[in-house]
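Listed here are the chains, written in short residue letters.
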Amino acid sequence: MATRTLSRLAKALLAPALALGATAGLASAPAHAAVWNSCDQWGNTSLNGYTLYNNIWGSGAGSQCIWANSGTNWGVWADHPNTGGIKSYPNAKKVINKPIASLASLTSSYNVTVPSSGAYNTSYDIWDTDYDYEIMLWVNHNGAVGPLGSPQGTVTLGGHTWNVYKGDNGANQVFSFLRTSDSNSGSVDILPILKWIKDTKGWMGNETIGDVQFGYEITSSAGGLDFRTNNLTVSSS
C-alpha cells in the first residue's frame, strides 16, 4: 500500500541493513543517464509537478534504487528476498487537493515495463487528505500477492473491468480494484470510480482527494528486477 509511516524504532533498526543493501543495489543496478537517482530508504525528489519516492517501508527488505529522467519517466531496480510481506512502494505522486464533488475530471495514463518474475503489483494508490480512505487500482500483478479485504463483486468503471475488494487495515478503509486482466499501458478515468464508491456504494463521503500515487508494490524481486515507468500522466480539473 502507499507511503507508510514506520515508528522511529523500526526506522532505526532497518536503516543500517538498508544502507548496506542500497550500496550493493547501486553497484548492481543498470546504468541510466538519469537526472536523479537514489538508493536511500526514503529517497525523494520533485520533478515536473510530481514527487518521486523510493519508499522502502516494509520489514525484511533488501536493496532498491530509484532513477528518474522526469516526473513521468522513471524506474526502479529492486532486489528484495523471496519472503512474504510488502517490502516497498516506489511511486510518483501528483497532488490533487479537491473534494470529489468539486472535481470535473481526474484522469491518468500509464505505460510500464514490468518483470515476468517476482511478486508485485503495479497500482495507483489514491488517498484522501485525512488518510481515512485508500483506493487502490491494480493494473497488473504477478506472483503471490493479493488485496486486503473481502470480494465485493465485479464492476466496469473508468474504462476497465475490476474485481473489487473492501477491507480495513486498522488505520484506514481500503478499497481495492483489481483489473480482470493485466495491462501494461492504458488510461484510467479515476473520477467515476471515486463517485461509485461515494454515491453508489456509500462507503465514503465527499472526501477531499489529497494525492494520486502510481508505482509498484513489491513483495519479492530476488536477484534484482527492473520496473520501468515509460510514461505516466495524472490530470485533474
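Check the entry above for the structure.
Because the structure is predicted, anything quoted here is derived from the model rather than measured.

Student: Any details on the sheet that holds strand S13 (residues 185-189)? Residues and values, ideally.
Tutor: Across the sheet, 6 strands lie side by side as S1-S4-S5-S15-S7-S13; this open sheet has antiparallel pairing. Looking along the sheet, the strands with just one partner apiece sit at the ends: strand S1 (36-38) and S13. Averaged over neighbouring strand pairs, the angle between their axes works out to 20° when direction is ignored. Each of strand S7 (106-113) and S13 is contacted by helix H2 (residues 190-200), which is oriented at about 45° to S13, the strand it contacts most.

Student: Explain the pattern of salt bridges to me, using residue names and the numbers behind them.
Tutor: Taken as a whole and assessed by the stated rule, the structure comprises 2 salt bridges. In this structure, aspartate 199 engages lysine 198 in a salt bridge whose closest nitrogen and oxygen atoms are separated by 2.7 Å. The closest approach of N and O atoms between aspartate 226 and arginine 228, which form a salt bridge, is 3.8 Å.

Student: Let's hear about the pairing of S7: which residues, and what values?
Tutor: What you see with S7 is a clean split: Leu106, Ser108, Tyr110 and Val112 sit on the buried side and Thr107, Ser109, Asn111 and Thr113 on the side with no burial. Pairing of S7 with S13 involves 5 bridges; the strand directions are antiparallel. Paired with asparagine 111 across the bridge in S13 is serine 185.

Student: Please provide a residue-by-residue account of the environment of glutamine 152, values included.
Tutor: Positionally, glutamine 152 belongs in strand S10 (residues 150-157). Between the C-alpha atom of glutamine 152 and that of phenylalanine 177, which follows or precedes it by 25 residues, the distance is 9.8 Å. In this structure glutamine 152 touches Val164, Tyr165, Lys166 and Trp203, once residues within four positions along its chain are discounted.

Procedures and definitions
- The written sequence of each chain sets the order in which its residues are numbered from 1.
- With pLDDT at 70 or above as the cut-off, local features in this predicted model cover only qualifying residues; side-chain atom pairs require 80 or more to be listed or tallied, and sums for whole chains, interfaces and linings still use all residues.
- Only hydrogens and water are removed before side-chain values are computed, so all heavy atoms of the structure are retained for them.
- Two strands form a pair only when DSSP identifies at least two bridges running between them.
- A run of H or I in DSSP counts as a helix once it spans at least four residues, and a run of E counts as a strand once it spans at least two, with each numbered from the N terminus.
- Geometry is summarised by axes, namely lines fitted to C-alpha atoms with helices restricted to the contacting stretch, and by angles between N-to-C directions that run from 0 to 180 degrees.
- Whether two residues touch is decided by their heavy atoms; if any such pair falls within 4.5 Å, the residues are in contact.
- Salt-bridge detection follows one rule: a side-chain nitrogen of Lys or Arg within 4 Å of a carboxyl oxygen of Asp or Glu.
- Categorising residues by exposure relies on relative accessible area from a 1.4 Å probe, with only protein chains included: less than 20% of the type maximum marks a residue as buried, more than 50% marks it as exposed, and the intermediate range marks it as partly exposed.

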